[in-house]
Amino acid sequence: MFCKKCGKEIGDNETYCTYCGAPQNDVPPQQAPPAYSANAPVDGSSFGWAFLGFLIPLVGLILFLVWKDTLPLRSKSCGKGALVGVILYVIFIIISVAIGACAAASAYDYYAAVLL
Ligand SMILES: [Zn+2]
């Protein structure tokens, strides 16, 4: 066979090129597995974090951004909770405005003045 790097002919069973030293198999050299750290925080979906994000969407959003690289599952829980919290909050506002608008013309004028 021929070297994958320099193209010179080498033995069929050569793992490394005898001319340039380039590895001839596609399997990358064995790497040591990352050392397990007992102090590493455990990642995982958590209803508690989602609930916190739901209660305080701003905190949920911040935690989502802080953890999205290191603790992706936990940050997802926070983000989901925050998202649901924000959506419900917006729905609540819309319903409040709708009720206020239907209740009386003066209320409608008030919300229109505030929101428009
Ligand atoms: Zn070579």
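In this text the structure is predicted, and so the values were computed from the model without any measurement. (Residues numbered from 1 in each chain as written. Predicted model: local features only at pLDDT ≥ 70, side-chain atom pairs only at ≥ 80, totals over all residues. Heavy atoms only, no water.)

Donor atoms from the polypeptide that coordinate the zinc ion comprise Cys3 (SG), Cys6 (SG), Cys17 (SG) and Cys20 (SG), at 2.2 to 2.3 Å from the metal. Seen from the zinc ion, its four donor atoms lie at angles of 102 to 120 degrees, and the figure they make is tetrahedral. Mapped onto the sequence, the donors of the zinc ion take the spacing C-x2-C-x10-C-x2-C. Within this pair, whereas Cys3 is found in the segment before helix 1 (47-55), its partner Cys17 is found in the segment before helix 1, the two being separated by 14 residues in sequence. One exposure class covers both Cys3 and Cys17, and it is buried. (Donors = N, O, S within 2.8 Å, 3.2 Å for Na, K, Ca; no water. Tetrahedral: all angles 85-135°; square planar, octahedral: opposite > 155°, others 65-115°. Helix = DSSP H or I, 4+ residues; strand = E, 2+ residues; numbered from the N terminus. Buried < 20%, exposed > 50% of the residue type's maximum accessible area, 1.4 Å probe, protein only.)

Here the focus is the UniProt feature "domain: Zinc-ribbon" (unreviewed entry) in the chain. Under the present numbering, the feature "domain: Zinc-ribbon" (unreviewed entry) in UniProt falls on residues 2-23. Taken as a whole, residues 2-23 contains 0% helix and 0% strand, while its terminal C-alpha atoms sit 12 Å from one another. (UniProt positions renumbered as here; feature names shortened; annotations may be inferred.)

If you walk through the whole model with that rule in mind, you get three aromatic pairs. On the basis of an interplanar angle of 20 degrees and a centroid distance of 6.0 Å, the ring pair of Phe47 and Phe51 is categorised as stacked. Of this pair, Phe47 and Phe51 both sit in helix 1, four residues apart, which is roughly one turn of that helix. Their ring planes at 85 degrees and their centres at 4.9 Å tell us that Trp49 and Trp67 sit as a pair that is edge-to-face. On the criterion of sequence distance, the pair formed by Trp49 in helix 1 and Trp67 in helix 2 (residues 57-67) is long-range, its members being 18 residues apart. (Phe/Tyr/Trp six-rings, centres within 6.5 Å; stacked < 30°, edge-to-face > 60°.)

As recorded in UniProt, the sites labelled "transmembrane region" (unreviewed entry) are residues 47-66 and 86-108. Helix makes up 95% of residues 47-66 and strand 0%, whereas the separation of the span's terminal C-alpha atoms amounts to 18 Å.

A word on the side chain of Ser75. Relative to the helices and strands, Ser75 is located in helix 3 (residues 72-103). The class of Ser75 is buried, set by a relative accessible area of 2%. A polar contact is formed between the side chain of Ser75 and the backbone oxygen of Pro72, at a distance of 3.0 Å. Beyond its immediate chain neighbours, meaning those up to four positions away, Ser75 contacts Leu63, Phe64, Trp67 and Lys68. (Polar contact = N/O pair within 3.5 Å; in protein donor to acceptor, adjacent residues only side chain to side chain. Contact = heavy atoms within 4.5 Å.)

This brings us to the packing of helix 1 against helix 2. Running from N to C, helix 1 and helix 2 cross one another at 130 degrees; their axes reach a closest spacing of 5 Å. Put simply, helix 1 runs oblique to helix 2. Contacts between helix 1 and helix 2 involve Trp49, Leu52, Gly53, Phe54 and Leu55 on the former and, on the latter, Pro57, Val59, Gly60, Leu63 and Trp67. Each residue belonging to the contact of helix 1 with helix 2 can be placed in one class, and the counts come to eight nonpolar, two polar and no charged. (Axes fitted to C-alpha atoms, helices over the stretch in contact; angles between N-to-C directions. Parallel < 35°, antiparallel > 145°, perpendicular 65-115°, else oblique. Nonpolar A, V, L, I, M, F, W, Y, C, P; charged D, E, K, R; others polar.)

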